[in-house]
Amino acid sequence: MSRSAHPAGPRHADVLPEGHYSAPPADLNTLDPKVWAQTVARDADGVVTVGGIDVKTLAEQHGTPSYILDEADFRARARAWRGAFGADADVFYAGKAFLSRAVVRWLHEEGLNLDVCSGGELATALSAGMPADRIAFHGNNKSVEEIRRAIEAGVGRIVLDSFQEIVRVAHIAQELGKRQRVQIRITVGVEAHTHEFIATAHEDQKFGIPLAGGQAAEAVRRALRLDGLELIGIHSHIGSQIFDMSGFEVAAHRVVGLLKDIRDEHGVELPEIDLGGGLGIAYTSDDDPREPHEIAKALTEIVTRECEAARLRTPRISVEPGRAIVGPTAFTLYEVGTIKPLDGLRTYVSVDGGMSDNIRTALYDAEYSVALVSRTSDAEPMLARVVGKHCESGDIVVKDAFLPADLAPGDLIAVPATGAYCRSMASNYNHVLRPPVVAVNDGEARVIVRRETEEDLLRLDVG
Ligand SMILES: Cc1ncc(COP(=O)(O)O)c(C=O)c1O
């Protein structure tokens, strides 16, 4: 196909169909540093580079689709979180966002702890040398086997999520002759997403034990009675992609209220409080995330103020950012396969991956940006929808974004901010093979999770 404009593009902003987009950017070749990994730039030929390597070379050597992860950016973000909270607090990277052995080693080297929520994540963490006492084990339905392995390994804390689990963990710890450090995850009635939070009526969910109706207080009563448990603190996680700190303010107020009740009833001041993760990142230029040092300052001030008011010693704070560390560090590199202009609507651009490598758009109506990365273009902006190759009409990667109207099959496009909850939620739908994760740093590319092969699929299918 020639690089001429498609019949349906360009579209002028005042005749655009309804959608989740702003007006086309002034220059489609500019890469907003807010949404791209730190070392991303264009070279003299207009080809995008990351970690000193251009995307054409990466596509030739590793194929498409691939997740391309900027190691220097990952380490810098991990270090920024660690530094922002300092020695009197702990940062647990939430492994659910993306976990691999290389990532575990980087976290270890940068002084972070790790939150895991399954036997598989625990095995990955331990096999890459994360000291067990720096691991927190989460989950609303940990199996007996998983609990046993975690206690045997010596994990630093297990976060208890139900009344059954309080007894289960205590029993297994006693069987193993151990006293397990635990926190209790409570729900404080706050639900926070992006710019809004709801301060009441969010007990209707599977995680945690509700503060309302005295259930959390009863859980504490039971945990304090059991010899197999050492209750070290209370845990609260209020949501995801949060920009506004007021949800944390309400959560901290309620958690500290519980700590005060515990002190009054049992004469015990619990030494730790975990405020979970959920801090937002920029998926598009419209998002304005806060810096780790601002978040650390705000959370520390909130907890200190609440504790002073309750006449409690300020507990050691921990947080569990996942997305905020890994999210911005990676982009997904795709090759354009087909281009379908729909007159009066938009142009459908099909890539060689889709909902199997990024389910977030289909699952959460997530918004992403996209750019042509194998060259620059002076063509007019074309309203595009980037879709995958799956047998599902909801197989959308980027709902509405502008790409140059001369886009053609064979071009490489990239979707930034796919480091979190993309590879970790990837599937084999339609027996599509899960892409590799390629870490780039200082001119070198290293596969840290290899591409799945058809042999991998057939090995699982035992006939
Ligand atoms: C308990 C807990 N901690 C931390 C996280 C990480 O959240 P995020 O990646 O949004 O920071 C989650 C995410 O679901 C969670 O449930």
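Residues numbered from 1 in each chain as written. Predicted model: local features only at pLDDT ≥ 70, side-chain atom pairs only at ≥ 80, totals over all residues. Heavy atoms only, no water.

Under an unreviewed UniProt entry, the name given to the protein is Diaminopimelate decarboxylase, and the source organism is Streptomyces viridochromogenes. On record in UniProt, under Sequence similarities (unreviewed entry), the comment for the protein is "Belongs to the Orn/Lys/Arg decarboxylase class-II family. LysA subfamily." Per UniProt, the protein has the following entry under Pathway (unreviewed entry): "Amino-acid biosynthesis; L-lysine biosynthesis via DAP pathway; L-lysine from DL-2,6-diaminopimelate: step 1/1." (UniProt positions renumbered as here; feature names shortened; annotations may be inferred.)

Here we come to the site of the ligand. Around the ligand, a shell composed of 14 residues is seen, among which Gly278, Glu320, Gly322, Arg323 and Tyr421 lie nearest. Gly322 is positioned with one of its backbone polar atoms (N or O) 3.0 Å from an oxygen atom of the ligand. Within the complex, 90% of the 400 Å² of free accessible area of the ligand lies under protein. Per-class residue counts for the shell around the ligand are three nonpolar, six polar and five charged. (Near = heavy atom within 4 Å. Polar contact = N/O pair within 3.5 Å; in protein donor to acceptor, adjacent residues only side chain to side chain. Areas by Shrake-Rupley, 256 points an atom, 1.4 Å probe, with all protein chains shown as cover. Nonpolar A, V, L, I, M, F, W, Y, C, P; charged D, E, K, R; others polar.)

Moving on: the UniProt feature "modified residue: N6-(pyridoxal phosphate)lysine" (unreviewed entry) in the protein. Annotation from UniProt places "modified residue: N6-(pyridoxal phosphate)lysine" (unreviewed entry) at Lys96. For Lys96, the position within the fold is in the loop between strand S5 (89–94) and helix H3 (101–109). (Helix = DSSP H or I, 4+ residues; strand = E, 2+ residues; numbered from the N terminus.)

Turning our eyes to something else, we now look at the side chain of His235. Relative to the helices and strands, His235 is located in strand S13 (residues 229–235). Take His235: its relative accessible area is 0%, and that puts it in the buried class. A polar side-chain atom of His235 sits 3.5 Å from a polar atom in the side chain of Asp274. Discounting residues that sit within four places of it in the chain, His235 has contacts with His138, Val159, Gln183, Ile184, Arg185, Ile186, Asp274, Gly276 and Glu320. (Buried < 20%, exposed > 50% of the residue type's maximum accessible area, 1.4 Å probe, protein only. Contact = heavy atoms within 4.5 Å.)

This paragraph deals with the side chain of Glu121. With respect to the element layout, Glu121 can be found in helix H4 (residues 119–127). For the buried Glu121, no salt bridge is present, and the opposite-charge side chain at shortest range is Lys96, 6.2 Å distant. Beyond its immediate sequence surroundings of up to four residues, Glu121 is in contact with Gly95, Lys96, Leu99, Asp115 and Val116. (Lys, Arg positive; Asp, Glu negative; His and termini not counted. Salt bridge = Lys/Arg side-chain N within 4 Å of Asp/Glu carboxyl O.)

It is worth spelling out the UniProt feature "domain: Orn/DAP/Arg decarboxylase 2 C-terminal" (unreviewed entry) in the protein at this point. What UniProt calls "domain: Orn/DAP/Arg decarboxylase 2 C-terminal" (unreviewed entry) maps, in this numbering, to residues 332–419. Its end C-alpha atoms 8 Å apart, residues 332–419 is made of 6% helix and 43% strand.

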